[in-house]
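Observations on chain architecture
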Amino acid sequence: MNLQTTFQQGLHIPLIRIKYEDCFPRMRYRQTPIPTQQPVELIPQIDELRSKENFVLSREAILMLGENGKNRFDEFKRYPKGWFGGKGREISKYSVAVFERFIKKIPELKLFSPSLFLTLEGNIALGLDDKNKQNIEIEFHPDKVEYYVESLDEEASIGLADIFELAGKIRKLLQ
Amino acid sequence: MPRPEVSPEENILRAIHSAWWDVQTDRKYSSIFKGENISVSRLSVLSLSELFSIFRADLDTSPNGAIVGAGEINVGRLREIARNHTVQLDLRVEKAPLPENSAHAEIPQKISKGLANTIIRELLFHRGAIASI
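The following refers to the structure shown. (Residues numbered from 1 in each chain as written. Chains lettered and ligands numbered in written order. Predicted model: local features only at pLDDT ≥ 70, side-chain atom pairs only at ≥ 80, totals over all residues. Heavy atoms only, no water.)

Let us look at the interface of chain A and chain B. Accessible area lost during the coming together of the parts is what is often quoted as the interface size. Facing 33 residues of chain A, the contacting portion of chain B comprises 30 residues. Here chain A packs against chain B, burying approximately 2400 Å² in sum over the two surfaces, 49% of which is carbon and sulfur. Together, A:Phe84, A:Phe117 and A:Glu137 form the three largest contributors to the area buried by chain A at its contact with chain B, with a combined 27%. Applying the counting criterion to the chain A and chain B interface returns five salt bridges. Here B:Lys34 and A:Glu146 are joined by a salt bridge, their closest N and O atoms 4.0 Å apart. Scanning the region where chain A abuts chain B turns up 21 residue pairs in polar contact (both at pLDDT 80 or more). (Contact = heavy atoms within 4.5 Å. Buried area = accessible area lost by both parts, 1.4 Å probe. Salt bridge = Lys/Arg side-chain N within 4 Å of Asp/Glu carboxyl O. Polar contact = N/O pair within 3.5 Å; in protein donor to acceptor, adjacent residues only side chain to side chain.)

Moving on, we get to the packing of aromatic side chains. Evaluation of the coordinates by the stated rule reveals nine aromatic pairs over all chains. Taken together, a centroid distance of 5.4 Å and an interplanar angle of 70° make the contact between A:Phe99 and A:Phe140 edge-to-face. Of this pair, A:Phe99 sits in helix 4 (residues 93–105) while A:Phe140 sits in strand 5 (residues 135–140), and the two are 41 residues apart along the sequence. Take A:Phe99 and A:Phe140: they sit in the same class, and that class is buried. Centroid distance B:Phe52 to B:Phe55: 6.0 Å. Interplanar angle 70°. Geometry classified as edge-to-face. Here B:Phe52 pairs with B:Phe55, and both are found in helix 1 (residues 48–59), just three residues apart, close to one helical turn. The class of B:Phe52 is buried, set by a relative accessible area of 1%. What links up through ring pairs into an aromatic cluster is the set A:Phe76, A:Tyr79, A:Trp83, A:Phe84 and B:Trp20. For the cation-ring pair, B:Lys28 lies above B:Phe125, with the distance from its terminal atom to the ring centre recorded as 4.1 Å. (Phe/Tyr/Trp six-rings, centres within 6.5 Å; stacked < 30°, edge-to-face > 60°. Helix = DSSP H or I, 4+ residues; strand = E, 2+ residues; numbered from the N terminus. Buried < 20%, exposed > 50% of the residue type's maximum accessible area, 1.4 Å probe, protein only. Lys NZ or Arg CZ within 6 Å of the ring centre and 35° of its normal.)

Honestly, that's just the spatial picture; any functional story needs more than this.
Dropping the structure here:
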């Protein structure tokens, strides 16, 4: 801190001169690209996945997918932009973040040995059979979750704020 | 100018990427047929083994993953499935030959997850370039 004292003649009152920037240091911001449609609550998870070195599945995800699913995920990570004749996009880290958030709400998915897939849009997806051996598909977009339930003949997408509701719907089909 | 349609008597083949067929669990994903402008190939123009050679050359190069098989369906049956689906769709399979694949055709309409799953259940699957499942 740069101090300069000034004595006013006769009063012996020291005046301390302080530079503005010593009181208000320049703010530094992380240059974190955040997609405009991404809810703020997901940002910590997205930051964790941002760097290639941190692009790994959580322990819960690995337990749910098993060795086969983990191997498939590791393979999907290697696909470059343009896989499948120029049409495929690289795996989306934001999709993985949404996937991680979803499976934490419905850990019993593990009992149904879901398979992991990758779409041309770069989204990861789960496919599994419900208790009646009918198909359920859940695709994790960066800003929504798209699902198909064969037993209900239902196909829809929901916003990230409604993930809990979707988890409840899927849970009922598995019980 | 509209492209000529493939006859309903013909059978077509769709290449299946490893990202959409978990071979270990034998589970398939709707991406096999979901979306628009789906590329297929006509078995009346090229044989199964010739088409697999083309698929492998165009779509199956490391690290892009692998073509683990193909699904075959009759065009007439495909159109019938789409017409009878919950949301009816008038599917057309249009001839769209390419320099690298003279048997190439396209389905321009947008196929939903649900319809794709129904189509997949009717496919005859071929693993690799040899045996069918």
